[in-house]
Amino acid sequence: MRRLVLPLLLASLTFTARADIRTLDVGRNPESVTRGFGGDYFVTIMGERGSHPDAATDGEIRRVSPSGRVRVFSRGGLAEPKGIVFTGEALVTADGKNVWKIAADGSKTLLAGLDQFPEPPVYLNDVANDPRGEGVYVTDMNNSGELFATGSFAPLDDAGILARKPHGRVYHIAWNGTVTLALGDSPLMRYPNGVFVEPDGRILATSFWLGHVVAGYPGEAPQVIATGYRSGDGVEIDDHGNLYVLEVLSGKIWQLPPHGRAPRLLHTAQSAADHYLDRDSNTLVVPDSKAGQLVFIDL
């Protein structure tokens, strides 16, 4: 059954929720986290991000045990790995231009490169599992650097950006490497960052610059279901209908209850990136990129 579009949820109507917060140092510029092999967490580490000659390939995947031990799991050839998911058999991560599968021994194989996309992607960012088990979804964020051309985050009335043709896409990548467009260019989905796919196939994405959360089924135009969350990164809906939205620039971590109830600010980190919702322990695990930490929020 197709879902009805929810009323717009605005970040201006909020109250702060009490939550138990724990942190763990994991390395420079963590971006995304998932639970994977052996029940451990796996974190993408973007590294120095262009500040030294090895920056283009100094990205890593680090493994975090339940005891808090952090060690390198996979390194070499990863340029700023971003989103990461676990399929049950492999980890999958995107590092700007490529999407990689990573095996239990840390070795990686290319799932999709530039020439496999209908159009060469500009910046592959977040990754989400296909609930059918037939592949993964990935966002092409476009050139987000142009949003900071003046040294600060471009305002919503920036004429230069508004004059550009919208380019922001969500692609589906099948396990055989076939790439198809799932959600296409839309003025409501400029610079998509985070992505999540619900069990019925509805795709959610955060429009980084506009502050929208959009939703749509493959082949349909996305619609706005929440707004007011500029620099939106991680996004997900839990089993109770709560929508989670993370803002990477402000560090704000939101829980938006269903039925139009007021959003709750769970925590403010230095830089809240792409989270993992641990449904077994009812914990939100958030990479704080600036702090170099994982933040654990008991819900």
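Basis of the calculations
Residues numbered from 1 in each chain as written. Predicted model: local features only at pLDDT ≥ 70, side-chain atom pairs only at ≥ 80, totals over all residues. Heavy atoms only, no water. Helix = DSSP H or I, 4+ residues; strand = E, 2+ residues; numbered from the N terminus. Rg over C-alpha atoms; globule rule 2.2 N^0.38 Å. Contact = heavy atoms within 4.5 Å. Areas by Shrake-Rupley, 256 points an atom, 1.4 Å probe, with all protein chains shown as cover. Lys, Arg positive; Asp, Glu negative; His and termini not counted. Charge placed at Lys NZ, Arg CZ, Asp CG, Glu CD. Salt bridge = Lys/Arg side-chain N within 4 Å of Asp/Glu carboxyl O. Buried < 20%, exposed > 50% of the residue type's maximum accessible area, 1.4 Å probe, protein only. Polar contact = N/O pair within 3.5 Å; in protein donor to acceptor, adjacent residues only side chain to side chain. Pairing = 2+ DSSP bridges. Axes fitted to C-alpha atoms, helices over the stretch in contact; angles between N-to-C directions. UniProt positions renumbered as here; feature names shortened; annotations may be inferred. Phe/Tyr/Trp six-rings, centres within 6.5 Å; stacked < 30°, edge-to-face > 60°. Lys NZ or Arg CZ within 6 Å of the ring centre and 35° of its normal.

If you look the protein chain up in an unreviewed UniProt entry, it shows as SMP-30/gluconolactonase/LRE family protein from Synoicihabitans lomoniglobus.

**Quick notes on the overall build of the protein chain**
Each helix and strand in the protein chain was counted, giving one helix and 25 strands. Here the C-alpha atoms of the protein chain give a radius of gyration of 18 Å, agreeing with the 19 Å that 2.2 N^0.38 yields for 299 residues. Its C-alpha atoms put the protein chain at 45 × 45 × 45 Å along the principal axes. Long-range pairs, those at least 24 residues apart, make up 49% of the contacts in the protein chain between residues at least 6 apart in sequence. For the protein chain, the accessible area works out to roughly 12,700 Å², and carbon and sulfur atoms hold 51% of it. Taking the average location of the 28 positive side-chain charges in the protein chain and that of its 35 negative ones, the two points are 2 Å from each other.

**Looking at the pattern of salt bridges**
Per the stated rule, a full pass over the model turns up 14 salt bridges. In this structure, Lys82 engages Glu31 in a salt bridge whose closest nitrogen and oxygen atoms are separated by 3.9 Å. Here Lys82, found in the loop between β6 (70-75) and β7 (84-86), pairs with Glu31, found in strand β3 (residues 30-35); they are 51 residues apart in sequence, far enough to count as distant. In this structure Glu31 comes out as buried when scored by relative accessible area, which is 3%. Put simply, Arg132 and Glu134 hold a salt bridge, and the shortest N to O gap is 3.6 Å. Accessibility expressed as a relative area gives 42% for Glu134, which makes it partly exposed. Among the ionic contacts, a cluster of salt bridges with common partners joins Glu60, Arg62 and Arg75.

**Considerations on the side chain of Thr139**
By the secondary structure assignment, Thr139 is in strand β12 (residues 135-140). Accessibility expressed as a relative area gives 0% for Thr139, which makes it buried. At 3.0 Å, the side chain of Thr139 forms a polar contact with the backbone nitrogen of Asp126. Setting aside residues up to four positions removed in sequence, Thr139 forms contacts with Tyr123, Leu124, Asn125, Asp126, Arg169, Val170, Pro192, Asn193, Gly194 and Val195.

**With respect to the sheet that holds strand β10 (residues 108-112)**
Strand order in the open sheet formed by four strands is β7-β8-β9-β10, and the pairing between neighbours is antiparallel. For this open sheet the edge positions go to β7 and β10, each flanked by a neighbour on one side alone. Across the sheet, the mean angle from the axis of one strand to that of its neighbour is 25 degrees, orientation sign disregarded. Across four bridges, the pairing between strand β8 (residues 91-94) and strand β9 (residues 99-102) is antiparallel. Bridge pairing links Leu91 to Ile102 in β9.

**Observations concerning the pairing of strand β14 (residues 179-183)**
Relative to β14, strand β13 (residues 169-174) is paired through four bridges, and the arrangement is antiparallel. Residue pairing for β14: His172 is matched across the bridge by Thr180. Hairpin connection of β13 to β14: four residues between the antiparallel strands, including Gly177 at a positive phi of 90 degrees.

**Comments concerning the UniProt feature "domain: SMP-30/Gluconolactonase/LRE-like region" (unreviewed entry) in the protein chain**
UniProt records the feature "domain: SMP-30/Gluconolactonase/LRE-like region" (unreviewed entry) for residues 60-262 in the present numbering. What you have in residues 60-262 is 2% helix and 43% strand, and the ends, taken at the C-alpha atoms, are 38 Å apart.

**Quick word on the environment of Pro257**
Within the secondary structure, Pro257 is located in the loop between β21 (252-256) and β22 (264-268). Owing to a relative accessible area of 6%, Pro257 belongs among the buried residues under this scheme. Placed 20 residues apart in sequence, Pro257 and Ile237 show a C-alpha to C-alpha distance of 9.6 Å.

**Side note on the packing of aromatic side chains**
Under the counting rule described, the total for this entry stands at 11 aromatic pairs. Ring centres of Phe37 and Phe86 lie 4.9 Å apart, and the angle between their planes is 75 degrees; on these two criteria the pair is classed as edge-to-face. In this pair, Phe37 sits in the loop between β3 and β4 (41-45) while Phe86 sits in strand β7, placing the two residues 49 residues apart along the sequence. Here the aromatic rings of Tyr229 and Trp254 are separated by 5.6 Å at their centres, their planes lie at 75 degrees, and the arrangement is edge-to-face. Of this pair, Tyr229 sits in the loop between β18 (223-227) and β19 (232-237) while Trp254 sits in strand β21; the two residues are 25 residues apart in sequence, bridging distant segments of the chain. The class for Tyr229 is buried, based on a relative accessible area of 1%. Through pairs of rings, three or more aromatic residues link up here, namely Phe37, Phe42, Phe73 and Phe86. Note that Arg35 overlies the ring of Tyr41, its terminal NZ or CZ placed 4.4 Å from the centroid. Geometry around Trp100 places Lys108 over its ring, the cationic atom sitting 4.8 Å from the centre.

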